[in-house]
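For reference, the chains in residue letters:
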Amino acid sequence: MTEVLPQFELLIPTDLDQALAAFGDNSNAVICAGGTDMVVQLRLGLSETAMLIDISGLAELQQIAPAGEGLRIGAGVTLATIEADAELARDYPALVRAAAQVAGPTHRSVATLGGNLCLDTRCLYYNQSHWWRKSNAFCLKYRGDTCHVAPNGNRCRAAYSGDLAPALMVHGAEIELASAAGTRRMPLAEFYQEDGADHLKLIAGEIVVAVHLPAPGAVSDYGKIRVRDSIDFPLAGVAVARVSDADGSARFRVAVTGTNSMPVLVPIDAPLTPNEDAEAFFSALGKAVQKAVSPQRTTTIAPHYRRLSAAATAIRMARALR
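Draft legend 1. Examining the overall build of the protein more closely. The number of helices and strands found in the protein is 11 helices and 12 strands. Taken over the C-alpha trace, the protein has a radius of gyration of 20 Å; the compact-globule value for 322 residues is 20 Å, and the two agree within 12%. Dimensions of the protein along its principal axes, counting C-alpha atoms only, are 65 × 45 × 35 Å. In the protein, which comprises 322 residues, the proportion classed as buried is 51%. Long-range contacts, defined here as pairs at least 24 residues apart, represent 62% of the contacts in the protein between residues at least 6 apart. Of the roughly 14500 Å² that the protein leaves accessible, carbon and sulfur atoms contribute 52%. Side-chain charges of the protein comprise 29 positive and 33 negative groups, with the mean position of each set lying 9 Å from the other.

Next up, the structure:
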């Protein structure tokens, strides 16, 4: 099998309603905007479709606009646009930092917010050529019956590695979904589930149309552990936000990508108070990160290294935020 694009019908809708109607009427259709992940999936035979719906030209998905005291960011906004937005950099800095660390500049010029949030899970045994996967009897995520990462388990362990999700989660973002039947919203943290073969809580015919950010009020940052300092997906990506209270206390929110089949929002039990031992607090924060994440053998890098790196990155950024 050669790694070329398969034959499919290309639909270029003129508005969102047309896109949703076509997607709802064709159960085998796939949505494509920037195509930086989807086209690769199609070439490798990881995604199969009779119809590709190109929504890259829908202006209604490409707006960043005020919404209440916060912002609504359309799913079609490119990562380059997010990276260059001064208002986002001021009010939601982790989001801009995360967007700036995705792949390379040419990818970011076409890759979109919605695409990054819906990024397929990745694994050393899955993201390979068709002949490689076939020689290994495929895997639980695709045509096989065994997860090669955890052969005794019954769930796919492929890792989610989108950079923007944790940065949005620490700012309390909500996601807006639409289908021909209507729209709905939910906290972004509830959009994902711990199953590498089915990690998005999308219903049939539904697509991501926007993200809603609440009023700004937190300082934040995003850090990424990877082999190369460009292009690579995260071995672990960490977003941290700090909210300072009037009494001098500081509340922290931490989210991690690249370690589980979903981005993980780390439970932080209590704030850092003015009279508390800061070193003990940050040590406990690092332990909470280690407990929350569960990296598997989905890359060539040891899981325990990724666990420790995520914790160390969270501690370093939490200390630095003021």
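Structure shown, so let's carry the discussion forward.
Draft legend 2. Seen up close, the packing of helix H10 (residues 278-292) against helix H11 (residues 303-320). Where H10 contacts H11, the two axes come as close as 8 Å, and the packing angle between them is 145°. As for the relative orientation of H10 and H11, their crossing is right-handed in sense. In contact with Glu279, Phe282, Leu285, Gly286, Val289 and Gln290 of H10, H11 contributes Arg307, Leu308, Ala310, Ala311, Ala314, Ile315, Ala318 and Arg319.

Draft legend 3. Region of the structure containing the environment of Leu52. Here Leu52 is to be found in strand E3 (residues 51-54). Judged by its relative accessible area of 6%, Leu52 falls in the buried class. Residues contacting Leu52, with those up to four places away along its chain left out, are Phe8, Glu9, Leu10, Leu11, Val30, Cys32 and Leu42.

Draft legend 4. Here's a closer look at the sheet that holds strand E8 (residues 207-213). Taken in spatial order, the 5 strands line up as E4-E5-E8-E6-E7 in an open sheet, and their pairing is antiparallel. Two strands close off the open sheet at either side, each with one partner strand: strand E4 (64-67) and strand E7 (182-187). Averaged over all neighbouring strand pairs, the angle between strand axes comes to 25°, with direction disregarded. Across the face of the sheet, helix H1 (residues 16-25) comes into contact with strand E6 (174-179) and E8 while running at roughly 130° to E8.

Draft legend 5. Looking closely at the side chain of Asp120. Relative to the elements of secondary structure, Asp120 occurs in the loop between helix H7 (113-117) and helix H8 (130-135). Looking at Asp120, its side chain comes within polar contact range of the side chain of Gln41, at 2.7 Å. A polar contact of 2.9 Å, which involves the side chain of Asp120, links it to the side chain of Lys141. With residues near it in sequence (within four places) discarded, Asp120 still touches Asp37, Gln41, Tyr126, Lys141 and His199.

Draft legend 6. Summary view of the pattern of salt bridges. Overall, the coordinates contain 14 salt bridges when judged by the stated rule. In this structure, Arg143 and Glu48 form a salt bridge, with 3.0 Å as the shortest nitrogen-oxygen distance. Remark: Glu48 occurs in the loop between helix H2 (38-43) and E3 and Arg143 occurs in the loop between H8 and helix H9 (164-169); sequence separation between them is 95 residues. Put simply, Asp245 and Arg251 hold a salt bridge, and the shortest N to O gap is 2.9 Å. Looking at Arg251, the relative accessible area reads 37%, which means it is partly exposed.

Draft legend 7. How the structure looks around the packing of aromatic side chains. Per the stated rule, a full pass over the model turns up 7 aromatic pairs. When the centroid spacing of 6.3 Å and the interplanar angle of 50° are considered together, the rings of Tyr125 and Trp132 count as tilted. Between Phe281 and Phe282, the ring centres sit 5.4 Å apart and the planes meet at 80°, which makes this aromatic pair edge-to-face. Residue classification places Phe281 among the buried residues on the basis of a relative accessible area of 7%. When its relative accessible area of 6% is taken as the criterion, Phe282 is described as buried.

Conventions adopted
Residues numbered from 1 in each chain as written. Predicted model: local features only at pLDDT ≥ 70, side-chain atom pairs only at ≥ 80, totals over all residues. Heavy atoms only, no water. Helix = DSSP H or I, 4+ residues; strand = E, 2+ residues; numbered from the N terminus. Rg over C-alpha atoms; globule rule 2.2 N^0.38 Å. Buried < 20%, exposed > 50% of the residue type's maximum accessible area, 1.4 Å probe, protein only. Contact = heavy atoms within 4.5 Å. Areas by Shrake-Rupley, 256 points an atom, 1.4 Å probe, with all protein chains shown as cover. Lys, Arg positive; Asp, Glu negative; His and termini not counted. Charge placed at Lys NZ, Arg CZ, Asp CG, Glu CD. Axes fitted to C-alpha atoms, helices over the stretch in contact; angles between N-to-C directions. Left-handed = near helix turned anticlockwise from the far one by under 90°. Pairing = 2+ DSSP bridges. Polar contact = N/O pair within 3.5 Å; in protein donor to acceptor, adjacent residues only side chain to side chain. Salt bridge = Lys/Arg side-chain N within 4 Å of Asp/Glu carboxyl O. Phe/Tyr/Trp six-rings, centres within 6.5 Å; stacked < 30°, edge-to-face > 60°.

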